Structures are given as C-alpha cells and as structure tokens.
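Residue-level listing of the chains:
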Amino acid sequence: MTSAFPLATGKQLGYRTDHVDAFLERARGSYERQGEAAQPVTAAEIRSTAFPLARRGYTARFVDAAMDRLEEVFYERERRTSIAERGEDAWWAETQQLLSEVRGRLERPRGKRFRRRGIFASGYRVSQVDAFLDRVTGMLAGRESLTTAQVRGAVFHPQWRGYDEDQVDALLDCVIELMLAVR
C-alpha cells in the first residue's frame, strides 16, 4: 500500500499515520455525506486537529498543507450553506461582527492585548505576539500581506507571565475565519 504523504526519515518525527488516515477518512465521509453524518467534520475542527508524533510518521509539512486546503474546502461549503439558509445579509452581518471583535482586540495597547498568565506560569512571549498582531492589523488595513498558512503557523516562544495561550489562539482562529470569509 502506498502512503498518502511522504514518511519522515531518520530521526525526524512525523504525524502518526493511523491517526492522520483515520481523520482524513472521517473527513472524506463527512464531505461525501453532506448533512447526513452523525458528527460532521467542520472547518473549525480541521483547524484545531493535532496529530501525535511518531517515528516513520507522515512528514508534518505535507499533512499541514493538506489540512489547510481541506479546511478551506469545508469552510467554503459551510459558508454557502449558511448563506442559503439565512441569507447573504445575515452572513455578512456575522462576518462584520467578527471583524469588529478582532479589531477591538487589536486596538488595545501593546502589552495589554490579552490576559497575562499567573506569576508562576508561562505564556506566549508578549513582544512576539504583539509584533505578529501588528502584521495582522496591517493586513486588515491593506498595508501588509499575510496568508492563512502564516497565521496558522505562527509560533511564539514562552515567557513567564506571558499572554494567555488560549486567548491568543482563539483570536488567531478568528483571524483565519475572517481571511477565509473574504476570499
């Protein structure tokens, strides 16, 4: 049997092939049986899916690229369904609300955009998150170019009393959703 993706070699770790294959099979079934699946796969689930690592697993960058494309396909289908059910005006109003919430967070002063972790806990490095969010602000203003892959791939180093990871990750999910909405 040939694998769907290249396998990691040497000491490199890759995504466990059985987990990736099972998820992709579930996604395929959900896509083919639109509306019939008991627990359909969503774009948000695809975005948040993480696979465990193993030796001789699938090379992560190839799986990540496929998951990015898969998310875009599922998002577009969800968008069309939403517009058909509620109308385009309602869908755009929801998108405008999301944009307003994202801008509200981005307009906060640097260093105060998110809740800080406790004194004995680490979070995302504040300076790195703020610098990345400045790029997002530039993108929304049309001065900067960012791709969904760059937003998904953003990595921040740890820092004591850094930004709360869950809040930052939630905002980045909203940014991705906005980017997909305006394509």
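Residues numbered from 1 in each chain as written. Predicted model: local features only at pLDDT ≥ 70, side-chain atom pairs only at ≥ 80, totals over all residues. Heavy atoms only, no water.

Trainee: Which parts of the structure should I look at to understand the environment of Leu180?
Mentor: Positionally, Leu180 belongs in helix α7 (residues 165–181). Owing to a relative accessible area of 4%, Leu180 belongs among the buried residues under this scheme. On a C-alpha basis, the gap between Leu180 and Thr147 in space is 9.9 Å, while along the polypeptide they are 33 residues apart. When residues no more than four places from it in sequence are discounted, the contact partners of Leu180 are Glu71, Glu72, Tyr75 and Thr148. (Helix = DSSP H or I, 4+ residues; strand = E, 2+ residues; numbered from the N terminus. Buried < 20%, exposed > 50% of the residue type's maximum accessible area, 1.4 Å probe, protein only. Contact = heavy atoms within 4.5 Å.)

Trainee: Where do I start with the pattern of salt bridges in this structure?
Mentor: Any two side chains of opposite charge can pair if their charged atoms end up close together. In total, this model carries 14 salt bridges according to the counting rule given. The salt bridge involving Arg79 is made with Glu76; its shortest N-O contact spans 2.5 Å. Residue Arg79 and its partner Glu76 are both found in helix α3 (residues 60–86); the two are separated by three residues, about one turn of the helix. We classify Arg79 as partly exposed; its relative accessible area is 21%. The exposure class assigned to Glu76 is partly exposed, which follows from its relative accessible area of 27%. For Asp164, the salt bridge identified is with Arg115, shortest N-O distance 3.5 Å. Within this pair, whereas Asp164 is found in the loop between β4 (158–160) and α7, its partner Arg115 is found in the loop between α4 (88–106) and β3 (122–124), the two being separated by 49 residues in sequence. Residue class for Asp164 comes out buried when judged on its relative accessible area of 10%. Beyond isolated ion pairs, a larger network of salt bridges with shared partners links Arg47, Asp68, Glu71 and Arg152. (Salt bridge = Lys/Arg side-chain N within 4 Å of Asp/Glu carboxyl O.)

Trainee: Would you mind showing me how to read the environment of Arg26 here?
Mentor: Turning to its location among the elements, Arg26 is positioned in helix α1 (residues 17–32). Sequence spacing of Arg26 and Val41 is 15 residues, and the spatial spacing of their C-alpha atoms is 7.5 Å. Look past the residues within four positions of Arg26 in its chain and what remains in contact with it is Gln39, Pro40, Val41 and Glu45.

Trainee: Can you help me understand the packing of aromatic side chains in this one?
Mentor: To describe a pair of aromatic rings, you give the distance between the ring centres and the angle between the ring planes. Here the structure, examined in full by the defined rule, presents eight aromatic pairs. Measuring from ring centre to ring centre gives 5.5 Å for Tyr15 and Phe51, while their planes differ by 55 degrees; the resulting arrangement is tilted. Taken together, the residues span a long stretch of sequence, with Tyr15 in strand β1 (residues 13–15) and Phe51 in the loop between α2 (43–48) and β2 (53–55) at a distance of 36 residues. Taking 5.6 Å as the distance between ring centres and 55 degrees as the angle between the ring planes, the aromatic pair formed by Tyr31 and Phe74 counts as tilted. With a gap of 43 residues between them, Tyr31 in helix α1 and Phe74 in helix α3 connect regions that are remote in the sequence. A residue is classified by how much of its surface remains accessible, and Tyr31, at 33% relative accessible area, is partly exposed. One aromatic cluster is present, built from ring pairs that chain together Tyr15, Phe23 and Phe51. One cation-aromatic arrangement involves Arg77 over Tyr31; the distance from NZ or CZ to the ring centre is 3.7 Å. Directly above the ring of Trp91 sits Arg79, whose terminal nitrogen or CZ lies 5.5 Å from the centroid. (Phe/Tyr/Trp six-rings, centres within 6.5 Å; stacked < 30°, edge-to-face > 60°. Lys NZ or Arg CZ within 6 Å of the ring centre and 35° of its normal.)

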